[in-house]
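Now for the letters of each chain:
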Amino acid sequence: MANQRQERGTGGDGIPPGERPDREPSPGLNPEPQPQPDPSPEQPAPVSGTVRRRGLLVGMGLTGAGGLLGAAGLGGGEAAAAGGPHGKGAVRPEQFHGGAHLLVPEVLLLPDGPVRDRAVLVRDGTFRAIGPARQLIAAHRDLHPVRLDGHLLMPGFVDAHHHLTQSFGKARSFGRPSEIFKTVWEPLEHALDEESAYVSAKLAALEALRGGFTTVADAGTRAPVDVGVVARATEEAGLRCVLSEIVSHGADGQAHLGRWDGHPLVHPSLAIAVPEDAPGEVIKRTADLCAEAGAVLQIHVNEHLASVERSLKSVAAGDSSCGAGRMWLEHATAHSADAVGLGSVTGEIAVGKAADFLVVDLDVPELTPSYDLRWELVRLAHRDQITAVVVGGRLRLWCGRPLDWDGPALVSRAAELGPEVVRRAGLHRVEPPRPA
Ligand SMILES: [Zn+2]
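Bear in mind that the values here come from a model prediction, so they are computed numbers and not experimental data.

**Student:** An account of unusual backbone geometry is needed here, citing residue identities and associated values.
**Tutor:** Residues Thr368 and Pro369 are joined by a peptide bond in cis, for which omega reads -5°. For Pro369, the location among the structural elements is in the loop between strand S12 (357-361) and helix H11 (373-379). Its identity is not glycine, yet Lys170 carries a phi of approximately 35°, on the positive side. Of note, Lys170 is situated in the loop between strand S7 (157-162) and helix H3 (180-190).

This is the structure in structure tokens:
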């Protein structure tokens, strides 16, 4: 929903047939999915266990995609909160409070594709069971099923490369020649102090959540502050964060790796900004440290160089050679989670994984008629359709707004601090002359 990167349908690819009260089933749909042999709701549902591979997605650059910061989602989410555009049962934030939920979405996006008539049990922040709705409801009579009519439940996105303390840059970085890290990002970060670094990181976290990202990997800040301010910002916003400390000068990263041990949302990582910043032995030692700790090493390679442009020319050739909707969604979720070392933690709706998910309004003109949900999510959907963002089983955003902290106040403070930081950093944007 970051910039229209999602879709609707199954592997082959339409939505499996089901009774949507207001629609005829689309043509060419897959046969109805067979019930999983999963009468025991505490057992992993067979459909959920997918082996993942590591590492394709670093730097996919999904952040900051689409949407206007000031326009808190007023689309389908508000409609859903008000009872749905077609008079369906209301979906309300109160339904996501508490430690255990039995959610029954109209469509559930599993690793093998979208399915209907399924339910998920979320308890203590984790998906505990996935299976046929009727069976799960029968097995958990103590829980009131939360019916999400007209809504899709899908994994949250994982941004595999972010710089949370660069969010004040915005249009100051546009239209610049290559290597803007030298002219924009580094001066900007050097001009931050503790408060502005915190506000910048929290603003970026809010933007990420609004775009449907439940995890981001921060590649390290050059702000002259303790990286703990970034951790505090993401934790307060409720965003899962792979948090780097830059150790290019050979500083021992051990303390950083140990500092967040067991934290539910902050996952430590080490970074070397670019290979030229550190001697080979430092890079090797840092990589070994990360490997021992089960953390990832983040490093910029092949960035801002002519080789990148050559790569793009030879690879990017439009949809016909860029896979299917399924591929893009997998890269934006499970594969990115793998890339940042969280493949066993998040990235898909699967038993045992963290309950990091989105509730998305499907009854919008952009997704109607529906032929292939996953392509439609990639190409047609938008952040305004995200009714709820849940991280670790906790509702973090409702219709684009945080419920447990003051989002508008944060945005106001960022509007004051951002220009001050830009002024201190000495960033001047030179507009090209107008043609005569
Ligand atoms: Zn970067």
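**Student:** Just give me the short version of the nonpolar core, but keep the residues and values in it.
**Tutor:** Ranked by size, the top nonpolar core spans 110 residues in total, and within it Val120, Leu153, Ala205 and Ile349 carry the most contacts. Look past the residues within four positions of Val120 in its chain and what remains in contact with it is Leu103, Leu108, Phe127, Ile130, Leu153 and Ile349.

**Student:** Lay out the environment of Arg383 in plain terms, naming residues and giving numbers.
**Tutor:** Topologically, Arg383 is positioned in the loop between H11 and strand S13 (386-391). Linking Arg383 and Val360, residues 23 residues apart in sequence, is a C-alpha distance of 8.8 Å.

**Student:** I'd like a description of helix H4 (residues 194-210), backed by residues and values.
**Tutor:** The end-to-end C-alpha distance of H4, which contains 17 residues, comes to 24 Å, matching closely the 24 Å that a straight helix rising 1.5 Å per residue would cover. Among the 17 residues that make up H4, 15 are buried, leaving the element largely enclosed by the rest of the structure.

**Student:** Account for the confidence of the model for the protein, naming residues and giving values.
**Tutor:** Confidence in the prediction of the protein, expressed as mean pLDDT, is 80, and 75% of residues score 70 or more. Note that pLDDT drops below 50 for residues 1-88; the model gives that stretch 228 contacts with residues more than four away or on any other chain.

**Student:** Let's hear about the pairing of S7: which residues, and what values?
**Tutor:** Within a regular strand, the side chains alternate between the two sheet faces. The buried count for S7 comes to six of six residues, which makes it a mostly enclosed element. Strand direction decides the pairing type here: S7 and strand S8 (residues 213-218), joined by four bridges, are parallel. The residue bridging Phe157 from the neighbouring strand is Phe213, located in S8.

**Student:** Tell me about the environment of Asp218, and name the residues and values.
**Tutor:** Locating Asp218 in the fold gives a position in strand S8. Of the residues examined, Asp218 has 29 C-beta atoms within 10 Å and is grouped as buried. Here the alpha-carbon distance between Asp218 and Gln298, two residues 80 residues apart in the chain, equals 8.8 Å. If near-sequence neighbours (up to four positions away) are discounted, Asp218 is found in contact with His162, His163, Leu164, Val230, Cys241, Val242, Leu243 and Ser244.

The rules behind these values
- All residue numbers here refer to positions counted from 1 along the written sequence of the relevant chain.
- The predicted origin of the model limits local features to residues at a pLDDT of at least 70 and limits the giving and counting of side-chain atom pairs to 80 or more, whereas totals for whole chains, interfaces and linings rest on all residues.
- The helix count covers DSSP runs of H or I at least four residues long, the strand count covers runs of E at least two residues long, and both are numbered beginning at the N terminus.
- Nonpolar core, as used here: buried Ala, Val, Leu, Ile, Met, Phe, Trp, Tyr and Cys residues forming one set through C-beta atoms within 7 Å.
- Whether a residue is buried, exposed or partly exposed follows from its count of other C-beta atoms within 10 Å of its own C-beta, namely 20 or more, 12 or fewer, or something in between, respectively; the C-beta atoms are built from the backbone.
- Placing C-beta atoms from the backbone, we regard two residues as in contact once those atoms come within 7 Å.
- One fewer than the residue count of a helix, multiplied by 1.5 Å, yields its expected span.
- Each residue carries a pLDDT score, the predictor's own confidence in it, on a scale running from 0 to 100.
- By this definition, two strands are paired if DSSP reports at least two bridges between them.

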